[in-house]
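# Overview (structure and organization)
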Amino acid sequence: MSNQPNPLLPSEILTPFSEPDISKILETALLTTQEPLALAELKQLFEGEVSSKLLQASLEKLQEKWRDSGIELVNTAGGWRFRSKQEMQVFLDRLNPQKPPRYSRAVLETLAIIAYRQPVTRGDIEEIRGVAVSSNILKTLETRGWIEAVGQRNVPGRPSLYATTESFLNDLNLQSLEQLPALDELAALTELAEQPEPQDQASPTDLEMTEKLESGQAESSQDITPAPSAR
């Protein structure tokens, strides 16, 4: 089977913008914004006079154009954006040295559980980790924008259910949860703290954590009440 994209129909290429113009406008917009731009937002650049299919084709050509450079065009859950390639970061740090966030083992274990078993309650997390989860851990992840409360489980006490956010996917340059890396790669998001938190002394090993997550030890997420909208 051929992997060639379907050819554009005449109705999809009749536009007051030439293909080089479309590419130039897209490139300029994406290089001058810090946030990912969804296809609908990019379409606004042309006041709706360029089809989604033509935009998609132009974006794929831009990806190819920048493939061998130090930056790349990626498509994340939030949309399209340019980013520096990982191997370039060591050189960029010489211009603007930055210390990456350093999170404890407890924070990263909690993030992994939420990412792979969502939506989960605090009780689910504690059952898998085998230790209590402090409010500060959840607050750290919420402040970072990686998790949010998405509802409440319909059980006594109505505990909050936590799930990852679009920002979490954007930071990993992923389009969906199905593209999550292997469990042992998730910690690459940040650097681990040099010393574990006190409650981590009883923390299960990485192997035990993986086995618990993969076996689905956390409770089912059925019977969920959506959280009130903050908007």
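For the structure given in this document, a descriptive report is provided here. (Residues numbered from 1 in each chain as written. Predicted model: local features only at pLDDT ≥ 70, side-chain atom pairs only at ≥ 80, totals over all residues. Heavy atoms only, no water.)

### Observations regarding the packing of helix 2 (residues 19-31) against helix 4 (residues 52-65)
The condition is simple: Comment: axis = line fitted to C-alpha atoms, over the contacting stretch for helices; angle = value between 0 and 180 degrees taken between N-to-C directions. Labels follow the DSSP assignment, with helices taken as runs of H or I lasting at least four residues and strands as runs of E lasting at least two, numbered in each case from the N terminus. Roughly parallel covers angles under 35 degrees, roughly antiparallel covers those over 145, roughly perpendicular covers 65 to 115, and oblique covers all other angles. Handedness of a crossing follows from how the near helix is turned relative to the far one, being left-handed for an anticlockwise turn of less than a right angle and right-handed for a clockwise one. When checking whether two residues touch, look at their non-hydrogen atoms; a contact exists if any pair is within 4.5 Å. Residue type decides the class: Asp, Glu, Lys and Arg count as charged, Ala, Val, Leu, Ile, Met, Phe, Trp, Tyr, Cys and Pro as nonpolar, and the leftover types, Gly among them, as polar.
For the pair helix 2 and helix 4, the least separation of the axes is 10 Å and the interaxial angle reads 70°. The pairing of helix 2 with helix 4 is recorded here as roughly perpendicular in orientation. Once helix 2 is placed against helix 4, the crossing between them reads as right-handed. Two secondary-structure elements touch here, helix 2 through Glu19, Ile22, Ser23, Leu26, Glu27 and Leu30 and helix 4 through Leu54, Leu55, Ser58, Leu59, Lys61, Leu62 and Lys65. Classifying every residue of the contact of helix 2 with helix 4 by side-chain character gives seven nonpolar, two polar and four charged.

### Quick notes on the packing of aromatic side chains
The condition that has to hold: Whether two aromatic rings pair depends on their centres lying within 6.5 Å, for rings of Phe, Tyr and Trp, where Trp uses its six-membered ring; planes under 30 degrees apart make the pair stacked, over 60 edge-to-face, and the rest tilted. The classification of residues rests on relative accessible area computed with a 1.4 Å probe and restricted to protein chains. Under 20% of the type maximum is buried, over 50% is exposed, and intermediate values are partly exposed.
In total, this model carries four aromatic pairs according to the counting rule given. Their ring planes at 65° and their centres at 5.2 Å tell us that Trp66 and Phe82 sit as a pair that is edge-to-face. A residue pair is termed long-range when its members are at least 10 positions apart, and Trp66 in the loop between helix 4 and strand 1 (71-76) and Phe82 in strand 2 (residues 79-84) qualify at 16 residues. For Phe82, a relative accessible area of 14% corresponds to the buried category. When the ring of Trp146 is compared with that of Phe168, the centres are 6.4 Å apart and the planes differ by 80°; the resulting orientation is edge-to-face. On the criterion of sequence distance, the pair formed by Trp146 in the loop between helix 8 (135-144) and strand 4 (147-153) and Phe168 in helix 9 (residues 166-171) is long-range, its members being 22 residues apart. Per residue, the accessibility class of Trp146 equals that of Phe168, and both read buried.

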